[in-house]
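# Residue-level structure breakdown
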Amino acid sequence: FDVILGEGHGLTLDALDAEIVAGAATGISAEMRREDAILTHPTFNSYHSETDMLRYMKKLENKDYSLVHGMIPLGSCTMKLNATAEMIPVTWPEFANMHPFAPADQVKGYQQMLNELEEQLVEITGYDKVSLQPNSGASGEYAGLLAIRKYQESVGEGHRNVCLIPSSAHGTNPASAAMMDMKIIVTKCDDKGNVDVADLRAQAELHKDNLSCLMITYPSTHGVYEEDIVEICEIIHKNGGQVYMDGANMNAQVGISKPGVIGSDVSHLNLHKTFAIPHGGGGPGMGPIGVKSHLAPFLASHKVSPVEGLNPENGAVAATPYGSASILPITWMYNVMLGKSGLKASTEMAILNANYMTEKLAEHYPILYRGRNNKVAHECIVDIRPIKEESGVTEEDIAKRLMDYGFHAPTMSFPVAGTLMIEPTESESKAEIDRFVDAMVQIREEIVRVQNGEWPADNNPLSNAPHTQTDMMSAAWERPYSREKAAFPNEATRLNKFWPTNNRIDNVYGDRNFICSCPSIESYQDAES
Ligand SMILES: *Cc1c(COP(=O)(O)O)cnc(C)c1O
C-alpha cells in the first residue's frame, strides 16, 4: 500500500477487513433483513467458490452450439455475425447502467444515439418516423396494428377489423392480429410460393367495408421476392385498408429497396436479425417500427416518461419508452461502421450466398420455390417431402444428422411442413457454405443407402442421430454402420468435432407434457412443514 498510495494513507489489511465485514450489513436495517431460506434449488447452493461457479457456467456453455462453432443456417432467423466492435459499447456503464426513467437532462448522449439510430432507420426503410419502443418483432406487429387502429378511429373508421394474412405468413402475424381482436382472413399462395393476387383482390373487395389491413412479408417467408408487391399494396389501399409489411426479411432489402417506397404503411425491423443484435437462447431483442407520416401521431408513447412529440395517452407497448435501449448501440455501430455502401454490400452478399448455396443444393435436393430467373432472395426452402416419400427419412432425421456433421439444424417445417429452410447470411464464407453443402450431399448419399435397404429404416445413421460420446464409447454397438461413420462422417469432423450431449428427444411428448427438473413438489412441502 505504501508503494502504491504513498505513506500516511492509513490503509492496512486490518482496516480493509473491518470495512468489508461492516460493508456486508450496510443499507438494510435489521428488521428488513430476510431470515428464511432463499434460493433453495440445488443449483443455487452447489457452487460457492468462483472457481466452481466458473466451471458450472462453462459446463453449460459447452453444451451450446453457437456461431463460434459454425454456421447456424436457420432460415428466417438471420443468424449473422455479431461483431465484437459492435458489442463493446454495450459493456460501457454509460449505456449499460442508465436507468430507463433517468431525467432527460442526464441522458443527452443516449438521446443523441437514439435520435441518430432513428434517422438511420428512417433512411433505410423509407418511412417518415420510427418508434424504438417495441422489444421484438411480434411486439412491433402489435404496436403497428395499434397505430393502424388508432389512425382509423381518428378518421371515423374504427369499425375496420378485418386483417388479411397470406398463408405463407409467420405465426406471429395472425397471433398479433388475434391480440387486436381482429377478424383474420387467410389468403392463398400459388404453387410458386407467391401471394395469389386474384384471391387477395377478391377477399379485399369482399371485406372492403371492414378491411383494416394486410399483413405481408417481403421478400416472403417462402424466400422469394413477391413480384406483385406494389400492386398488392395498391389493392389494399383501394379497398380502404393499410399495409403492414413484416420486415423480418429486411436482410434481403437493406440498401437495395425500401418498404416505404414499395407502398407499405408500417413495418417492424428485427434488429436482432438484420441489424446484428445477437439472439437465440432468449436474449433481449428489439423490434422498432417505421411508419408513414399519417400513422406517426399514433406511435407508442409512455405515461411515466413520454416520448418526445407523442401524446402520452397513446399508451405503451413496453415497460420503458425505448424498449431494451441498452442494446441499441449494437445496431448504431452496425450501421455506422458499414455505412451506406457497406449495408448495401451486405445485402448483396447475403443474396449471393443464398443463391450459390441454392444452386449447389439443387443438384441433390428439390428446391421448393424460386422467383424470377430461377433465383431466390436471401434464403431457400429444401423440400424433403418427396425424399421422405421414397425413403422414409424425415426432415427431422436430416436436421439431427446435421448435428453429427457439426452444424446447427436449419429451420424445420416452417413455413411449409416437411421442409428445411436455410439462410446462410452475408457472414458465412464460401468455405463454410461449402462445408455445409458437403454435409448435406453426404447425408443425401446416406438417405440412398437407407432407401436401398442397405441400412434398416429404424437403425441407420439418420434415424439414430445425433450420436453422443456415450453412444460411441458404449460396449455394445449393435448398429449396421461403424462408430466412425456415426460421429466422424467426414474429414471436417475429424479436424473439429462438436459433440451433441443428448440423443434425440421426443419433441411432441415434451410439448404436451410439462416436465419439471426442479426437486419434487413434495420436497418443498416437507421443507415448508
Ligand atoms: C422472426 C420473425 C417474426 C417475429 O419476430 P420476433 O422478434 O421473433 O418476435 C415475424 N415475422 C417473421 C417473418 C420472422 O421471421
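Scroll up to find the structure this text is about.
This one's a predicted model, so the numbers in the text were calculated from it and none came from an experiment.

### Some details on the site of the ligand
Near the ligand you find 13 residues, and of these Ser76, Gly137, Asp246, His272 and Lys273 are the closest. Contact distances for the ligand include 2.8 Å between an oxygen atom and a backbone N or O atom of glycine 137. Protein contacts shield 87% of the accessible area of the ligand, which totals 380 Å² for the unbound molecule. Looking at which element gives the most residues to the shell around the ligand, the answer is helix H7 (residues 137–154), with three residues. For the shell around the ligand, a count of residues per class yields two nonpolar, eight polar and three charged.

### A look at the sheet that holds strand S8 (residues 380–383)
The three strands are arranged S8-S10-S9 in an open sheet whose pairing can be described as antiparallel. Only two strands of the sheet have a single partner each, and these edge strands are S8 and strand S9 (411–412). Sheet analysis places S8 next to strand S10 (residues 419–422), joined by four bridges and oriented antiparallel. Looking at the pairing, isoleucine 381 lines up with methionine 421 of S10.

### A word on the environment of isoleucine 433
With respect to the element layout, isoleucine 433 can be found in helix H15 (residues 430–451). Separated by 360 residues in sequence, isoleucine 433 and proline 73 place their C-alpha atoms 9.5 Å apart.

### Considerations on the pairing of strand S3 (residues 183–187)
Look at any regular strand and the pattern is simple: side chains alternate between the two faces of the sheet. Relative to S3, strand S2 (residues 162–166) runs parallel, the two sharing five bridges. If you follow proline 166 over to S3, its bridge partner there is threonine 187. For the segment spanning S2, helix H8 (residues 172–179) and S3, crossover handedness is right-handed.

### Some points on the nonpolar core
Within the largest apolar cluster, 48 residues are counted, with the highest numbers of intra-cluster contacts made by Leu121, Leu132, Leu145, Leu271, Phe275 and Leu328. Of all the secondary structure elements, the ones that give two or more residues to this core are helix H6 (108–125), H7, S2, strand S4 (211–217), strand S7 (289–291) and helix H12 (328–362). Of the residues forming this core, the biggest block, six residues, is contributed by H6. Apart from residues lying up to four places away in sequence, leucine 132 is in contact with Leu114, Leu117, Glu118, Leu121, Met286, Pro288, Tyr322, Gly323 and Leu328. Counting residues in each nonpolar core, the second largest holds 39 residues, with Met71, Leu402, Met440 and Trp455 among its members.

### What to know about the packing of H12 against H15
At their nearest, the axes of H12 and H15 sit 10 Å apart, and the two run at 25° to each other. Taken together, H12 and H15 sit at an angle that is classed as roughly parallel. Here H12 runs over H15; the crossing is right-handed. The residues of H15 that touch H12, namely those facing Asn353, Tyr356, Met357, Lys360 and Leu361, are Lys430, Ile433, Asp434, Phe436, Val437 and Met440.

Rules used throughout
Residues numbered from 1 in each chain as written. Predicted model: local features only at pLDDT ≥ 70, side-chain atom pairs only at ≥ 80, totals over all residues. Heavy atoms only, no water. Near = heavy atom within 4 Å. Polar contact = N/O pair within 3.5 Å; in protein donor to acceptor, adjacent residues only side chain to side chain. Areas by Shrake-Rupley, 256 points an atom, 1.4 Å probe, with all protein chains shown as cover. Helix = DSSP H or I, 4+ residues; strand = E, 2+ residues; numbered from the N terminus. Nonpolar A, V, L, I, M, F, W, Y, C, P; charged D, E, K, R; others polar. Pairing = 2+ DSSP bridges. Right-handed = clockwise from strand over helix to strand, strands pointing away. Core = buried A, V, L, I, M, F, W, Y, C linked by side-chain atoms within 4.5 Å. Buried < 20%, exposed > 50% of the residue type's maximum accessible area, 1.4 Å probe, protein only. Contact = heavy atoms within 4.5 Å. Axes fitted to C-alpha atoms, helices over the stretch in contact; angles between N-to-C directions. Parallel < 35°, antiparallel > 145°, perpendicular 65-115°, else oblique. Left-handed = near helix turned anticlockwise from the far one by under 90°.

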